[in-house]
Amino acid sequence: MNDHASISFWLETAGDDLSPRPPIDGTTDADVAILGAGMTGLWTAYYLLRRDPSLRVVIVERAIAGFGASGRNGAWCAPDLNISMSRLARLHGEDAARRMQQATYDAVDEVGRACSEAGIDAGFHKGGEIIVSRGPQGVPGLEDSIREYERFGFGDRYRLVDAAELEGRIRIAGVTRALVSEDAAVVHPGRLTRGLARVVERMGARIAEGTAVTGFRPKDASGRAALLTDRGDVRAPVVVLAGEAYLSELPQLHRQLVPLWSLIVLTEPVTDAQWAEIGWVNREVVASTRLSVDYLSRTEDGRILFGGRGAPYRLGSPIRREYDRHGPTHERLKRFVREWFPVLRDVRFTHEWGGPLGMPRDWHPTMAFDPATGIATSRGYVGHGVSTTNLAGRVLDDLIAGARTPLTELPLVNHRSRNWEIEPFRYLGVRYAQWALGRLDERTARTGMPPSGASLAERIASH
Ligand SMILES: Cc1cc2nc3c(=O)[nH]c(=O)nc-3n(C[C@H](O)[C@H](O)[C@H](O)COP(=O)(O)OP(=O)(O)OC[C@H]3O[C@@H](n4cnc5c(N)ncnc54)[C@H](O)[C@@H]3O)c2cc1C
């Protein structure tokens, strides 16, 4: 098995040759140079080339296309951002928050449309989304969510259902109530990312793999910015930084993002008899109200993917392959599968993996282009990147083309997040929030009392 296939079930089953493409071979000139062959970089290349097929687009990738979060995620292609509409409204106004939210619904549909336009078999299936409260403690949070959607005019997209009604769709132990919508899809992230890479190559982009970017330079007197690599610089009037969590490894962006691991376990294919007990026929994406986050999806071949956070942040924000596995968190996720679905008490787990999310200090994603420096970027999606990267591709395309469109008026555009604290304060703050949110989840599950929303950890993590 190619070593890259061991990164995730998605890359293993992408049906693509994962051998690295040739690297950069000396100083290279382009019209647009992109750092990163994940969904952000690839969607950006796709929309740029769709607008202008003559553009020379060079994508520089340290590993292979899909090596990062794009090839490892929980398969949710869902609306919403990591930042709430209320907070966007406070920062940018009610109308901007509403337009932003609408753009997230549109992004889900655009992923499906673009995949079918481009002939990518990404397994896109719009089965909807279910957020459950297991026990009474999450119910006030679900009620707050629906009030928030109503306030911004999206209430008719959501329904609060009780346990009996939910059982018609999926049977999960201990559910009290659930928030249901039809707006989310599930995808095969490996086929999506690897397929998109093949498509942009056919459109004329060059993807140079096995090439590490060590820094970048804004436009100089010659009008060219550059990606600095270990194999020669890639010079272009426009440079796009699309490395999400890994951007924190570049000295110039080190404190812009904290890499925070999300981890996943995957079951063997569940038997037909077990599926008959569980239901989940429509393959909705599923999550719960726990503050430390859990997310589930059902694969095309009948496995259950269960993801969550819990791996500890490490001093100085290092990113290493060995952090992709964290025994205690993976074991906890397996226990959750058995608790949620008692019929799976003897199920086997065939895969476990993980990867870093990019977390900005203010939880606010950024899609930006500065024509003066030639530097564009999109980053900071936290755990909501599968549809948002597609939006990013279209926003960056418009910004780079100099077009003024509804997309370039969205409140994420040209946002600047403040830097994270220097160490060890960053470490102390993040570790405290991780620990305290976990404790709060345990306490609320035990007592059935909802979290107050006022604890220090909730305020640190509030978004
Ligand atoms: C375990 C996990 C589960 C998730 N689940 C979901 C989910 O279910 N739904 C959802 O919407 N989002 C989810 N996310 C988030 C989502 O996957 C990401 O937001 C999205 O894929 C980010 O895409 P990207 O292209 O910006 O970054 P990435 O996919 O991380 O791509 C960045 C690329 O840049 C390359 N790179 C980085 N630094 C350099 C360098 N210096 N030189 C050259 N190349 C470099 C990397 O190798 C990588 O290939 C999840 C993330 C993880 C880790």
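Up top is the structure these notes are about.
Quick look at the structure, then. This is a predicted model, so every value here is computed, not measured. (Residues numbered from 1 in each chain as written. Predicted model: local features only at pLDDT ≥ 70, side-chain atom pairs only at ≥ 80, totals over all residues. Heavy atoms only, no water.)

1. Observations concerning the overall build of the chain
Now for step 1: A tally of helices and strands in the chain yields twelve helices and 20 strands.
Now for step 2: Taking 463 residues into account, the globule formula puts the C-alpha radius of gyration at 23 Å, and the chain, at 21 Å, falls close to it.
Now for step 3: Looking at the chain residue by residue over its 463 residues, the buried ones come to 60%.
Now for step 4: Total accessible area on the chain is roughly 18,100 Å²; 52% of this is exposed by carbon and sulfur atoms. (Helix = DSSP H or I, 4+ residues; strand = E, 2+ residues; numbered from the N terminus. Rg over C-alpha atoms; globule rule 2.2 N^0.38 Å. Buried < 20%, exposed > 50% of the residue type's maximum accessible area, 1.4 Å probe, protein only. Areas by Shrake-Rupley, 256 points an atom, 1.4 Å probe, with all protein chains shown as cover.)

2. Focus: the site of the ligand
Now for step 1: Near the ligand there are 37 residues, and of these Thr-40, Glu-61, Ser-70, Val-213 and Val-386 occur at the shortest range.
Now for step 2: The contact in question runs from an oxygen atom of the ligand to an N or O atom on the backbone of Ala-75, over 3.4 Å.
Now for step 3: Val-386 places a main-chain nitrogen or oxygen 2.8 Å from an oxygen atom of the ligand.
Now for step 4: Isolated, the ligand exposes 990 Å² of accessible area, and the fraction of that covered by the protein chains is 98%.
Now for step 5: Counting residues per element, the shell around the ligand draws most heavily on strand E18 (residues 349–360), at three residues.
Now for step 6: When the residues that make up the shell around the ligand are grouped by side-chain class, the tally is 18 nonpolar, 15 polar and four charged. (Near = heavy atom within 4 Å. Polar contact = N/O pair within 3.5 Å; in protein donor to acceptor, adjacent residues only side chain to side chain. Nonpolar A, V, L, I, M, F, W, Y, C, P; charged D, E, K, R; others polar.)

3. A few points about the sheet that holds strand E17 (residues 304–309)
Paired through their backbone hydrogen bonds, the strands of a sheet run either parallel or antiparallel.
Now for step 1: In spatial order, the strands read E6-E7-E5-E15-E16-E17-E14-E18; together these eight strands make up an open sheet with mixed pairing. Strands with a single pairing partner mark the edges of an open sheet, and in this sheet they are strand E6 (158–162) and E18. Averaged over neighbouring strand pairs, the angle between their axes works out to 20° when direction is ignored.
Now for step 2: Of the pairings in the sheet, the one linking E6 to strand E7 (residues 175–181) comprises five bridges and is antiparallel in character. From the neighbouring strand, Tyr-158 faces E7, where its bridge partner is Ser-181.
Now for step 3: Each of strand E5 (129–134), E6 and E7 is contacted by helix H5 (residues 139–151), which is oriented at about 20° to E7, the strand it contacts most.
Now for step 4: Packing against the sheet, helix H9 (residues 327–340) makes contact with E5, strand E14 (257–267), strand E15 (285–288), strand E16 (294–298), E17 and E18, and its axis sits at approximately 45° to E14. (Pairing = 2+ DSSP bridges. Axes fitted to C-alpha atoms, helices over the stretch in contact; angles between N-to-C directions. Contact = heavy atoms within 4.5 Å.)

4. Focus on the pairing of E14
Now for step 1: The buried fraction of E14 amounts to eleven of the eleven residues, a majority that puts the element mostly inside the structure.
Now for step 2: Burial along E14 is two-sided: Leu-257, Pro-259, Trp-261, Leu-263, Val-265 and Thr-267 and Val-258, Leu-260, Ser-262, Ile-264 and Leu-266, pointing in opposite directions, are all buried.
Now for step 3: Where E14 lies against E18, eleven bridges are found, and the strand directions are antiparallel. Looking at E18, one finds that Pro-259 is bridged to Gly-358.
Now for step 4: As judged from the five bridges shared by E14 and E17, these two strands associate in the antiparallel manner. Among the inter-strand pairings, Leu-266 is bridged to a residue of E17, identified as Leu-305.

5. Topic: the packing of helix H2 (residues 39–51) against helix H10 (residues 388–401)
Now for step 1: Their axes nearest at 8 Å, the elements H2 and H10 cross at an angle of 45°. When the axis of H2 is compared with that of H10, the two are oblique. H2 and H10 meet at a crossing whose hand is right-handed. Counted together, Met-39, Thr-40, Trp-43, Thr-44, Tyr-47, Leu-48 and Arg-51 of H2 and Thr-389, Asn-390, Ala-392, Gly-393, Arg-394, Leu-396, Asp-397, Asp-398, Ile-400 and Ala-401 of H10 form the full contact between these two elements.
Now for step 2: Here the contact of H2 with H10 is composed, by residue class, of eight nonpolar, five polar and four charged. (Parallel < 35°, antiparallel > 145°, perpendicular 65-115°, else oblique. Left-handed = near helix turned anticlockwise from the far one by under 90°.)

6. Digging into unusual backbone geometry
Now for step 1: Glu-423 connects to Pro-424 through a cis peptide bond whose omega is 10°.
Now for step 2: Located in the positive-phi region is Trp-280, a residue other than glycine, with phi close to 60°.
Now for step 3: Position of Trp-280 among the secondary structure elements: in the loop between helix H8 (272–278) and E15.
Now for step 4: Looking at Trp-280, the relative accessible area reads 0%, which means it is buried.
Now for step 5: The phi dihedral of Trp-363 falls on the positive side, at around 60°, and the residue is not glycine.
Now for step 6: By the secondary structure assignment, Trp-363 is in the loop between E18 and strand E19 (366–370).
Now for step 7: Here Trp-363 falls in the buried class, since its relative accessible area comes to 11%.

7. Points about the pairing of strand E2 (residues 32–35)
Now for step 1: Of the two faces of E2, the one carrying Val-32 and Ile-34 and the one carrying Ala-33 and Leu-35 are both buried.
Now for step 2: Inspection of the sheet shows E2 paired to strand E3 (residues 57–60) by four bridges, in the parallel sense. Across the sheet, Ile-34 pairs through a bridge with Ile-59, a residue of E3.
Now for step 3: Considered for its hand, the β-α-β crossover made up of E2, H2 and E3 is right-handed.
Now for step 4: Alignment of E2 against strand E13 (residues 238–241), held across four bridges, turns out to be parallel. The residue of E13 that forms the bridge with Ala-33 is Val-239. (Right-handed = clockwise from strand over helix to strand, strands pointing away.)

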